[in-house]
Amino acid sequence: TEVEIASEIQKNVMADSGSIVPSLEIALASNPASEVWGDSLGIISGADENYFMYIWDVTGHGVPSGLVMMMVNALVSAFVLQEESSAKVLAETNRILKPRIRQNMMMSAVMLRWDDKEKSLYYTWAGHEFILLYSKRENKVFKIKTWGVALGMMRDASKIYKEQQIRFEAGDIIILYTDGVTEARYRSEQNWLLFGIDKMVESILKVPEKSADNIFRQITVDLSAHMWYKHKQ
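This text gives an overview of the structure that appears in the document. This is a predicted model, so every value here is computed, not measured.

One open sheet holds the five strands; their spatial order is β1-β2-β3-β4-β7, and the pairing between them is antiparallel. In this open sheet, the two strands that pair with only one neighbour each are β1 (40–45) and β7 (164–166). Pairwise comparison of adjacent strand axes, ignoring direction, gives a mean angle of 25° for this sheet. Of the strand pairs in this sheet, strand β3 (residues 107–115) and strand β4 (residues 120–126) are connected by six bridges, and their pairing is antiparallel.

Below is the structure:
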């Protein structure tokens, strides 16, 4: 019963973090592998027409990861109201988080900041998966990855996290995900043929009319076919 209550709290937190962002079309979802989970995603409106979009993955599974996930969600929700950049938000979150978790726990993350006033997109990378950028002009998917460490790895990461701008034009699409997608195994847990990033890029490129919803659906269909529909995550 306690685990069910914890799961319900997590679902409510994620449901509350899906703010509507002006000028952007967004598709998002999470399909947890267990009752309590460490992966999280969300959108939080900050000051001065800034919107912070994040996705992260806590090491391990179950209740310990779920507690860290909830702690970070609370910290980020507070810091986006005080800080101007995604790098500062993650650095301050890390500063509070590090002394409060076990040494072998950490959390990879990527955070985007959309400046709706300037129509500009920025990101800070913290040891997470690639950011995928579909360029409408070039009809090509680019993999974006920069320097950074996962939250919880070091006490002070303020000099490491850097916010950088992404050239983001009308019709372009950003794809964020956790390793629950890229490390999904083919049909059997004993089979190590993973879905991988290349298959995700193929899914994106084969969508005829590219939109956030259409790309999301195509990746979901291809991922389900790879894992098979009754496969345990």
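The rest of the description comes next.
Turning our eyes to something else, we now look at the environment of W114. Looking at where W114 falls in the secondary structure, it is placed in strand β3. Here W114 falls in the buried class, since its relative accessible area comes to 4%. For the pair W114 and V58, spaced 56 residues apart in the sequence, the C-alpha separation amounts to 24 Å. For W114, the contacting residues outside a window of four places in its chain are V21, P22, S23, L24, E49, N50, Y51, M53, K119, S120, L121 and F168. For W114, the side chain forms a polar contact with the main-chain oxygen of P22, separated by 3.4 Å.

Ranked by size, the top nonpolar core spans 28 residues in total, and within it W56, V76, L151 and Y161 carry the most contacts. When contributions to this core are tallied by element, the ones reaching two or more residues are β2 (50–58), α2 (62–79), α3 (86–97) and β3. Ranked by residues supplied to this core, first place goes to α2 with six residues. One finds Y134, V141, I173 and F195 within the second-largest nonpolar core, a separate group that totals 18 residues.

Reading the values: the criteria
Residues numbered from 1 in each chain as written. Predicted model: local features only at pLDDT ≥ 70, side-chain atom pairs only at ≥ 80, totals over all residues. Heavy atoms only, no water. Pairing = 2+ DSSP bridges. Helix = DSSP H or I, 4+ residues; strand = E, 2+ residues; numbered from the N terminus. Axes fitted to C-alpha atoms, helices over the stretch in contact; angles between N-to-C directions. Buried < 20%, exposed > 50% of the residue type's maximum accessible area, 1.4 Å probe, protein only. Contact = heavy atoms within 4.5 Å. Polar contact = N/O pair within 3.5 Å; in protein donor to acceptor, adjacent residues only side chain to side chain. Core = buried A, V, L, I, M, F, W, Y, C linked by side-chain atoms within 4.5 Å.

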